[in-house]
Amino acid sequence: MTEALKYVPEHATATTGDNYDQVLDDLSSASVHRNFDPYIDIDWDSPEMAITDGDPRWVLSKNVDPIGRHPWYQQQPLEKQIKIGMWRQANVAKVGLQFESVLIRGLMQYSFKLPNAAKEFRYTTHEAKEECNHTLMFQEFVNRTGMDVPGAKKSLRRISPVIPLFSTIFPTIFYFGVLGGEEPIDHIQKDFLRNRDEMHPSMLAVMQLHVAEEARHISFAHHLLRETIPQKSAVQRFVLSIMLPIVMRVLCGAIVVPPKEFRREFDIPRSVFKDIFWRSENSKQFLRNVFGDVRMLGDQCGLMNPISRFIWNILGIGGRSSRFRSEPTYAAA
């Protein structure tokens, strides 16, 4: 597993076929020998996992969460901060569940068309199994908070049956979408885990389990794209260079920004909501930080050219590429 997740220098291009095959073998082996079951590895019924009203550990972090950093949230009574924090975390889990559901369907369609002996078949099936466990974990967490949250915005929920089709029609775009959904959640959760603010044990357990396995899933998407994109024609690579930032920005908004129900539930002024997503300087910096790893991937795949960089910047997600996977960024924000 260490070999599979090793840092690839920023200047690197595609992996060779032998190295790519070894990566897939390592990732598949890791999925066999280092996997988790949310009903075995999380002791949901232990006393410390109990979710009770008025627990200040649900207050959103001032260092990590865009809502928690905003003065409006910090000025609210403690009880309301706690309710907002519980709703927010439960809804993020529900969004994660919905995204994983779309991903599972896409992975199954992708693997269905693979030829015999394709190493991707084994790994994508391992990943789909792990994502099924994640959906169970996320829903269990939502149920125990008692928050009846909707998850993603209605528009994304309505088109979710169509998205998996991209895995066989436009597989590269599909894997852009995989990263567009996984990278923001992974980035935020890692920043929460690096931060020293106290979290509720149930949320901490969910994040730790998810981050541990998501590292493999993101690594696979990065390696697959580094292997396949350089083999495409110059015209195809140019089109992909334009699509990459667009997919990232659209899915980041769908994943990170709460639905309208959130603003209505807690009577959040429209101006405050817009300031949090993404008008304030802190929020703009947060948005740029989220995709440092993807910008690094774009460099490695030859997808960063003057026009694509311009699009990254006008969409508010441009900036310095990460020097290595999961480089910490929350302190800079």
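Student: What is the right way to read the overall build of the protein from this model?
Tutor: A count of helical and extended segments in the protein gives 15 helices and zero strands. For 333 residues, the compact-globule estimate of 2.2 N^0.38 gives 20 Å, and the protein sits close to it at 20 Å. Across its three principal directions, the C-alpha atoms of the protein cover 55 × 45 × 35 Å. In the protein, which comprises 333 residues, the share counted as buried stands at 56%. Per element, the accessible surface of the protein, about 15,100 Å² overall, is 55% carbon and sulfur. If you average the places of the 40 positive and of the 39 negative side-chain charges in the protein, the two averages end up 8 Å apart.

Student: Can you help me understand a nonpolar patch on the surface in this one?
Tutor: On the surface, V162, L165, F166, I169 and F170 cluster together to form a nonpolar patch covering roughly 460 Å² of accessible area. Tracing the backbone shows F166 in helix α7 (residues 166-169). Residue F166 is classed as partly exposed on the basis of its relative accessible area, which comes to 34%.

Student: Got a minute to help me understand the confidence of the model for the protein in this structure?
Tutor: Keep in mind that low pLDDT regions are not for reading the predicted coordinates in detail. Looking at the protein as a whole, the pLDDT averages 90, with 93% of positions reaching at least 70. Contacts for the low-pLDDT stretch residues 1-16, under 50 throughout, to residues beyond four places or in other chains number 40 contacts.

Student: It is not clear to me how the packing of aromatic side chains should be interpreted in this structure. Could you clarify?
Tutor: The geometry of an aromatic ring pair is captured by the separation of the ring centres together with the interplanar angle, meaning the angle of the planes. Evaluation of the coordinates by the stated rule reveals twelve aromatic pairs. Here the aromatic rings of F277 and W278 are separated by 5.1 Å at their centres, their planes lie at 85 degrees, and the arrangement is edge-to-face. For F277, a relative accessible area of 11% puts it in the buried group. Residue W278 is classed as buried on the basis of its relative accessible area, which comes to 10%. Here the aromatic residues Y110, Y123, F174, Y175 and F220 are joined through ring pairs into a cluster of three or more.

Student: What exactly am I supposed to notice about a positive patch on the surface here?
Tutor: There is a patch of like positive charges on the surface, built from K153, K154, R157, R158, K260, R264, R270, K274 and R279. Looking at the positive patch, the elements that each hand over two or more residues are α6 (154-159), α11 (260-265) and α12 (270-279). Within the secondary structure layout, R270 lies in helix α12.

Student: Just checking my understanding: could you explain the packing of helix α5 (residues 119-145) against helix α9 (residues 201-228) for this structure?
Tutor: Helix-helix packing: each pair is described by the crossing angle between the helix axes and the interaxial distance. One way to put it is that α5 packs onto α9 with a least axis distance of 11 Å and a crossing angle of 155 degrees. In terms of their interaxial angle, α5 and α9 are classed as roughly antiparallel. As α5 runs across α9, the sense of the crossing is left-handed. On α9, the residues that touch E120, Y123, T124, E127, E130, E131, H134, M137, F138 and F141 of α5 are S202, M203, V206, L209, H210, E213, E214, R216, H217, F220 and L224. For the contact of α5 with α9, the per-class residue count stands at nine nonpolar, five polar and seven charged.

Student: Is there a simple way to explain the side chain of H217 in this structure?
Tutor: With respect to the helices and strands, the residue H217 is situated in helix α9. Side-chain polar atoms of H217 contact the side chain of E130, separated by 2.6 Å. Beyond its immediate chain neighbours, meaning those up to four positions away, H217 contacts Y123, E127, E130, E131, H134 and E182.

Student: What should I look at first to understand the pattern of salt bridges in this one?
Tutor: Charged atoms that come close allow side chains of opposite charge to pair. Evaluation of the coordinates by the stated rule reveals twelve salt bridges. With a shortest N-O distance of 3.1 Å, K119 and D25 are connected by a salt bridge. Of this pair, K119 sits in helix α5 while D25 sits in helix α1 (residues 17-33), and the two are 94 residues apart along the sequence. With a shortest N-O distance of 3.7 Å, R216 and E213 are connected by a salt bridge. With R216 and E213 both in helix α9 and three residues apart, the pair spans about one turn of that helix. Each member of the pair, R216 as well as E213, carries the same accessibility label: buried.

Student: Help me understand the state of the cysteines in this model?
Tutor: Applying the stated criterion to the full structure yields zero disulfides. C301 supplies the cysteine sulfur nearest to C252, a cysteine that is in no disulfide, at a spacing of 20 Å. Given a relative accessible area of 0%, C252 falls into the buried group.

Student: Help me out: how do you make sense of the nonpolar core in this one?
Tutor: When a protein is soluble and globular, its nonpolar side chains tend to lie buried together. In this structure, Y175, F176 and M248 are the most contacted members of the largest nonpolar core, which totals 88 residues. Looking at this core, the element that brings in the most residues is helix α4 (residues 78-112), giving 13 residues. If we ignore the near neighbours within four places in the chain, the residues touching Y175 are L107, Y110, T124, F220, A221, L224 and L225.

So, how was this worked out
- In this numbering scheme, every chain counts its residues from 1 along its sequence in written order.
- Only residues with pLDDT of at least 70 get local features here, since the model is predicted, and only at 80 or more are side-chain atom pairs given and counted; chain-wide, interface and lining totals rely on the full set of residues.
- Hydrogens and water are ignored here; the side-chain numbers use all heavy atoms of the structure.
- Numbering of helices and strands starts at the N terminus; helices are DSSP runs of H or I of at least 4 residues and strands are runs of E of at least 2.
- Our radius of gyration looks at C-alpha atoms and nothing else; its globule reference is 2.2 Å times the residue count to the power 0.38.
- For the exposure calls, accessible area comes from a 1.4 Å probe over protein chains only, and a residue counts as buried if that area is under 20% of its type's maximum, exposed if over 50%, partly exposed in between.
- Computed with a 1.4 Å probe, the accessible areas rest on the Shrake-Rupley method; for each residue, only the protein chains presented here act as cover.
- When charges are counted, neither His nor the chain ends are considered; positive counts come from Lys and Arg and negative counts from Asp and Glu.
- Throughout, a charge is located at the NZ atom of Lys, the CZ atom of Arg, the CG atom of Asp or the CD atom of Glu.
- Note on patches: the residues involved have over 30% relative accessible area and no salt bridge, like charges join within 9 Å, and the nonpolar side chains Val, Leu, Ile, Met, Phe, Trp and Tyr join within 5 Å.
- Just to be clear on terms, a salt bridge is a Lys or Arg side-chain nitrogen sitting within 4 Å of an Asp or Glu carboxyl oxygen.
- By definition, pLDDT measures how confident the predictor is in each residue, and it falls between 0 and 100.
- Contact definition: two residues touch when any of their heavy atoms are within 4.5 Å.
- Under the pairing criterion, centres of Phe, Tyr and Trp rings, with the six-membered ring standing for Trp, must be within 6.5 Å; the plane angle then separates stacked pairs below 30 degrees from edge-to-face pairs above 60, leaving the rest tilted.
- Here an angle of 0 to 180 degrees is reported between the N-to-C directions of two axes, which are lines fitted to C-alpha atoms, with helices fitted over the stretch in contact.
- In these notes the angle categories are as follows: under 35 degrees is roughly parallel, over 145 is roughly antiparallel, 65 to 115 is roughly perpendicular, and the rest is oblique.
- A clockwise turn of the near helix away from the far one marks a right-handed crossing, whereas an anticlockwise turn of less than a right angle marks a left-handed crossing.
- Residue polarity is assigned by list, with Asp, Glu, Lys and Arg as charged and Ala, Val, Leu, Ile, Met, Phe, Trp, Tyr, Cys and Pro as nonpolar; anything else, Gly included, falls into the polar class.
- Polar contacts, as counted here, are pairs of nitrogen or oxygen atoms within 3.5 Å of one another; within protein the pair requires one atom able to donate a hydrogen and one able to accept it, and residues that are adjacent in sequence qualify only if both atoms are side-chain atoms.
- Counting rule for disulfides: a pair of cysteine sulfur atoms within 2.5 Å.
- Buried Ala, Val, Leu, Ile, Met, Phe, Trp, Tyr and Cys residues form a nonpolar core when they are joined through side-chain atoms within 4.5 Å.

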